[in-house]
Amino acid sequence: MSSPPPSTPPSSHHRRAPKSRLKTLAHLSGERRMPSEYEIATSQLLYYTRRGFEVNTPLREWYAKHQAGSPLTAKDWERFVDPRETTYTKYTARAHIKETYLDGIFASIEQSDYDAALSPEWRTVLARLLSTLRFPLHGLQMMSAYVGQMAPSGRITIAAMFQTADELRRIQRIAYRLGQLRLVHSELGSDGREIWQRDPAWQPLREAIERGLVTYDWGEALILLNLCLKPVIDDLFMVQLPQLAKEHGDYALGQIFSCLAEDCQWHEAWTLALLGMAIEDREMNRNVISDWVQKWARFAFRAAEGFDFLSAPRSAAERASGCVGALLSKIGVEAPRP
């Protein structure tokens with residue numbers, strides 16, 4: 001039996017091209033190190049910011065005007081790094097700890113006569129504030145969702161969307177607390193919508209929220225939300241209100257809101273990191289941010305004026321100015337006057 005003929009090497013046109021060693025994470029290869037979980041999960045998620053949309057629809061013009069056409073610009077928004085490097089895994093693990101803590105507080109209230117022991121005067125304050133506060137907080141939630149939708153980088157989108165989740169958690173917890181109070185006083189806070197729509201103290205805040213919901217430039221929406229309006233609301237209701245609650249013997253509200261306030265601190269941190277990077281990248285962004293702050297801070301200061309009883313001995317507007325000014329000083333932007 002004859003042996004098979006020796007194999008011959010394939011001709012050059014049959015040879016396969018050598019495979020590239022760069023795989024899915026090729027865009028992270030420049031660091032010459034193993035990328036972190038945060039880098040893997042958040043880098044270059046939005047293809048259309050580089051390539052454009054695959055299909056020409058009216059939405060394309062919206063993004064061209066309100067995202068790519070924003071005066072707030074950067075050579076590469078991917079340079080932004082969330083100070084907490086938040087991923088879905090980290091977010092859910094952190095939220096689980098917080099929710100377990102809050103569940104314990106709510107359970108302790110339900111297993112005692114805590115709410116029945118609160119003074120009638122303080123229950124009146126809670127009825128007015130907790131029931132009505134849900135409405136502006138829904139506004140903040142919708143604004144942060146819009147910023148996430150329109151952001152020019154996946155990393156910004158992720159931070160804004162986790163902020164949106166925090167806002168939803170905050171609304172849910174406030175609604176739950178209101179529900180607990182109604183187990184003792186069934187009509188407590190039933191007029192929250194009426195107060196939101198007609199009470200003079202809330203109307204400047206309502207105006208600011210409604211104007212924010214129709215602010216479409218993604219950069220301006222971010223500045224309005226996280227540098228002007230939200231810091232003022234967070235300070236009034238997450239910091240000042242719990243202190244007043246303690247004076248009326250309501251220590252549980254202070255514990256609940258102090259826990260929720262930790263989320264607000266991160267919202268400020270990622271915003272400052274983003275804007276600091278933007279100013280470092282393009283100095284003209286400092287003036288862009290300043291102009292928007294000058295435009296919107298006055299609405300935030302007016303929104304605070306109806307809540308002087310939460311900020312005594314200072315006026316609420318003065319305290320609001322201090323909150324906004326403290327944030328702006330960290331990125332070198334001049335603070336507006338109240």
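For the structure, see preceding data.
Residues numbered from 1 in each chain as written. Predicted model: local features only at pLDDT ≥ 70, side-chain atom pairs only at ≥ 80, totals over all residues. Heavy atoms only, no water.

### Let's talk about the side chain of glutamate 78
As for its placement among the helices and strands, glutamate 78 is situated in the loop between α3 (58–68) and α4 (88–110). Buried within the structure, glutamate 78 lacks any salt-bridge partner; arginine 155 is the closest side chain of opposite charge, at an N-O distance of 4.4 Å. When residues no more than four places from it in sequence are discounted, the contact partners of glutamate 78 are Thr42, Ser43, Gln44, Ser153, Gly154 and Arg155. (Helix = DSSP H or I, 4+ residues; strand = E, 2+ residues; numbered from the N terminus. Buried < 20%, exposed > 50% of the residue type's maximum accessible area, 1.4 Å probe, protein only. Lys, Arg positive; Asp, Glu negative; His and termini not counted. Salt bridge = Lys/Arg side-chain N within 4 Å of Asp/Glu carboxyl O. Contact = heavy atoms within 4.5 Å.)

### Quick look at helix α7 (residues 154–184)
Along an α-helix, a turn takes 3.6 residues, which lines up residues three or four apart on a common side. Taking 1.5 Å per residue as the helical rise, α7 with its 31 residues ought to reach 45 Å, and the 46 Å between its terminal C-alpha atoms agrees with that figure. A distance of 3.2 Å separates the backbone nitrogen of arginine 155 from a side-chain oxygen at the start of α7, and that oxygen is part of serine 153. (Expected span 1.5 Å × (residues − 1). Polar contact = N/O pair within 3.5 Å; in protein donor to acceptor, adjacent residues only side chain to side chain.)

### Things to note about the packing of helix α10 (residues 218–247) against helix α12 (residues 284–304)
Interaxial distance between α10 and α12 falls to 9 Å at its minimum, and their mutual angle equals 30°. Judged by the angle between their axes, α10 and α12 are roughly parallel. In terms of crossing hand, the pair formed by α10 and α12 is right-handed. Side by side, α10 and α12 meet where Gly219, Glu220, Ile223, Leu224, Leu227, Cys228, Leu229, Val232 and Leu236 of the first sit next to Ile289, Trp292, Val293, Lys295, Trp296, Ala297, Ala300 and Ala304 of the second. (Axes fitted to C-alpha atoms, helices over the stretch in contact; angles between N-to-C directions. Parallel < 35°, antiparallel > 145°, perpendicular 65-115°, else oblique. Left-handed = near helix turned anticlockwise from the far one by under 90°.)

### Focus on the environment of alanine 261
On the secondary structure map, alanine 261 appears in helix α11 (residues 251–281). Judged by relative accessible area, alanine 261 falls into the buried class, the value being 10%. Sequence-wise, alanine 261 and aspartate 235 are 26 residues apart; in three dimensions their C-alpha atoms are separated by 8.6 Å.

### Details of the layout of surface pockets
One number sums up the size of the largest pocket: a volume of about 410 Å³. Lining the largest pocket we find 24 residues, and of these Tyr48, Thr49, Arg50, Gln67 and Pro152 sit closest to its centre. Mapped by element, the contributors of at least two residues to the lining of the largest pocket are α2 (48–51) and α3. No other element matches α3, which puts 5 residues into the lining of the largest pocket. Taken together, the residues of the lining of the largest pocket break down into 11 nonpolar, 8 polar and 5 charged. (1 Å grid on protein atoms, 1.4 Å probe; cavity = no way out; pocket = protein on both sides within 12 Å on 5 of 7 lines; lining within 4 Å. Points joined across faces, edges and corners; volume = space filled by probe spheres on them. Nonpolar A, V, L, I, M, F, W, Y, C, P; charged D, E, K, R; others polar.)

Function cannot be inferred from these measures alone, as they are strictly geometric.
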